[in-house]
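# Summary of structural features
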Amino acid sequence: CLFSSYFTGQMPSIIREVNSLYDVDGFFTNGWPATGAPALCYCDNCMRLYREKVGGVPRKTLPSDHAYRKFFDVHMERIQEIWRLWDKTAKEKRWDSVYFGNLHTNIRAVKNLKQLADVAEWFNLDGQDRGGDNTPLWYCAQQCRVAQSVMMGRTITNVAGAYASTNYMAWRHTSKRPEEATLWLSATVASGASPTYHWL
């Protein structure tokens with residue numbers, strides 16, 4: 001749960017342990033923060049928080065728009081709080097260390113990207129490729145341009161995979177055509193982001 005001590009206690013402990021053992025430049029979380037709509041949780045932490053900040057108790061069905069909007073705002077504040085904490089913890093050993101999250105889907109993201117950019121030194125996009133035949137080539141550049149609009153000149157990277165996304169389970173065991181990889185990386189650079197190219 002986002003409001004549990006796992007995020008404020010356990011994760012900083014892991015960052016400190018890694019820093020004590022290794023000389024690392026930064027920390028990255030893949031898939032966090034999730035860019036979809038925050039889900040209602042019914043644990044003790046969330047029930048208490050919901051009562052204090054939103055009012056009442058969350059229903060098993062989606063609450064009214066007004067109540068959910070308040071919950072969404074509390075959720076975003078918590079993400080910013082955690083992001084600041086992890087970045088501060090990363091910098092305990094080295095001032096130039098950084099924490100950054102995985103901010104994918106950009107223009108389709110439900111989360112407030114401007115609020116995330118307010119706490120991010122580094123904005124990492126997860127535009128690996130077209131995801132089969134449904135995503136247009138310009139989607140990568142569009143993601144980068146959305147990131148540019150909120151980051152105001154700070155670091156933006158786009159992760160691109162050497163593999164070809166397909167609808168089959170073997171997608172990470174395949175490879176992109178060279179022309180496709182070149183176009184995708186070119187779109188990343190042309191839109192102002194730095195490419196990160198990886199193999200799995």
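Before reading on, note that the structure itself is shown above.
Residues numbered from 1 in each chain as written. Predicted model: local features only at pLDDT ≥ 70, side-chain atom pairs only at ≥ 80, totals over all residues. Heavy atoms only, no water.

### Concerning the pattern of salt bridges
Short version of the rule: Whenever Lys or Arg places a side-chain nitrogen within 4 Å of a carboxyl oxygen from Asp or Glu, that contact is recorded as a salt bridge. A run of H or I in DSSP becomes a helix once it reaches four residues, and a run of E becomes a strand once it reaches two; helices and strands are each numbered from the N terminus. Remark: exposure states derive from per-residue accessible area (1.4 Å probe, protein chains only) relative to the maximum for the residue type, with buried under 20%, exposed over 50%, and partly exposed in between.
Evaluated as defined, the whole model comprises 11 salt bridges. Arg69 is the partner of Asp73 in a salt bridge, and the nearest nitrogen-oxygen pair spans 3.0 Å. Linking Asp73 with Arg69, this pair stays in helix H3 (residues 65-90), spanning four residues, or about one helical turn. Here Asp73 falls in the partly exposed class, since its relative accessible area comes to 32%. Between Asp87 and Lys91 there is a salt bridge whose closest N-O contact spans 3.0 Å. The class for Lys91 is partly exposed, based on a relative accessible area of 25%. Among the ionic contacts, a cluster of salt bridges with common partners joins Asp23, Asp25, Arg94 and Asp96.

### Brief notes about the state of the cysteines
So the rule is basically this: Disulfide: a pair of cysteine sulfur atoms within 2.5 Å of each other.
A full pass over the atoms with the stated rule returns zero disulfides. With no disulfide of its own, Cys1 has Cys46 as its nearest cysteine by sulfur position, at a separation of 3.3 Å. Take Cys46: its relative accessible area is 5%, and that puts it in the buried class.

### A short note on the layout of surface pockets
Convention followed: In this analysis a 1.4 Å probe is tested at points of a 1 Å grid over the protein atoms alone, and where it fits but cannot get out there is a cavity; an open set with protein on both sides within 12 Å along at least five of seven lines is a pocket; lining residues have an atom within 4 Å of a point. Grid points are joined across faces, edges and corners, and a volume is the space filled by probe spheres set on the points. Each residue is assigned to one class: nonpolar for Ala, Val, Leu, Ile, Met, Phe, Trp, Tyr, Cys and Pro, charged for Asp, Glu, Lys and Arg, and polar for all the others, Gly among them.
For the second largest pocket, the calculated volume is near 200 Å³. Forming the boundary of the second largest pocket are 16 residues, of which Leu2, Pro38, Ala39, His75 and Lys111 lie nearest the centre. Looking at which element gives the most residues to the lining of the second largest pocket, the answer is H3, with three residues. Per-class residue counts for the lining of the second largest pocket are 13 nonpolar, two polar and one charged.

### Observations regarding the nonpolar core
Stated precisely, the cut-off is as follows: Residues belong to one nonpolar core when they are buried, are Ala, Val, Leu, Ile, Met, Phe, Trp, Tyr or Cys, and are joined through side-chain atoms within 4.5 Å. Contacts are assigned to residue pairs with any non-hydrogen atoms lying within 4.5 Å of each other.
Counting residues in hydrophobic clusters, the biggest one holds 34 residues, and the most contacted among them are Leu2, Trp32, Trp83, Trp86, Phe123, Met151 and Ile156. Per-element accounting of this core gives the leading share, eight residues, to H3. Those residues in contact with Trp86, other than ones at most four positions away along the chain, are Phe7, Met11, Pro12, Ile15, Thr29, Trp32 and Tyr99. Listed in part, the six residues of the second largest apolar core include Leu40, Tyr50, Val54 and Phe71.

### Quick notes on the sheet that holds strand E5 (residues 194-198)
Counted only if it meets this: Any two strands with at least two DSSP-identified bridges between them are counted as paired. Whenever a helix is involved, its axis is fitted only over the stretch in contact; in every case the axis is a line through C-alpha atoms, and angles between N-to-C directions fall within 0 to 180 degrees.
Strand order in this open sheet of three strands is E3-E4-E5, and the pairing throughout is parallel. Strand pairing shows two members of the sheet lacking a second neighbour, strand E3 (122-125) and E5, which therefore form its edges. Neighbour-to-neighbour, the strand axes of this sheet turn through a mean angle of 25 degrees, independent of strand direction. Here E3 runs beside strand E4 (residues 155-161); their pairing, made up of four bridges, is parallel. Among the inter-strand pairings, Phe123 is bridged to a residue of E4, identified as Ile156. Relative to the sheet, helix H5 (residues 139-151) contacts E3 and E4, its axis offset from that of E3 by approximately 165 degrees. Docked against the sheet, helix H6 (residues 178-190) engages E4 and E5, running at close to 150 degrees with respect to E5.

All quantities given are derived from atomic positions and should not be read as evidence of function.
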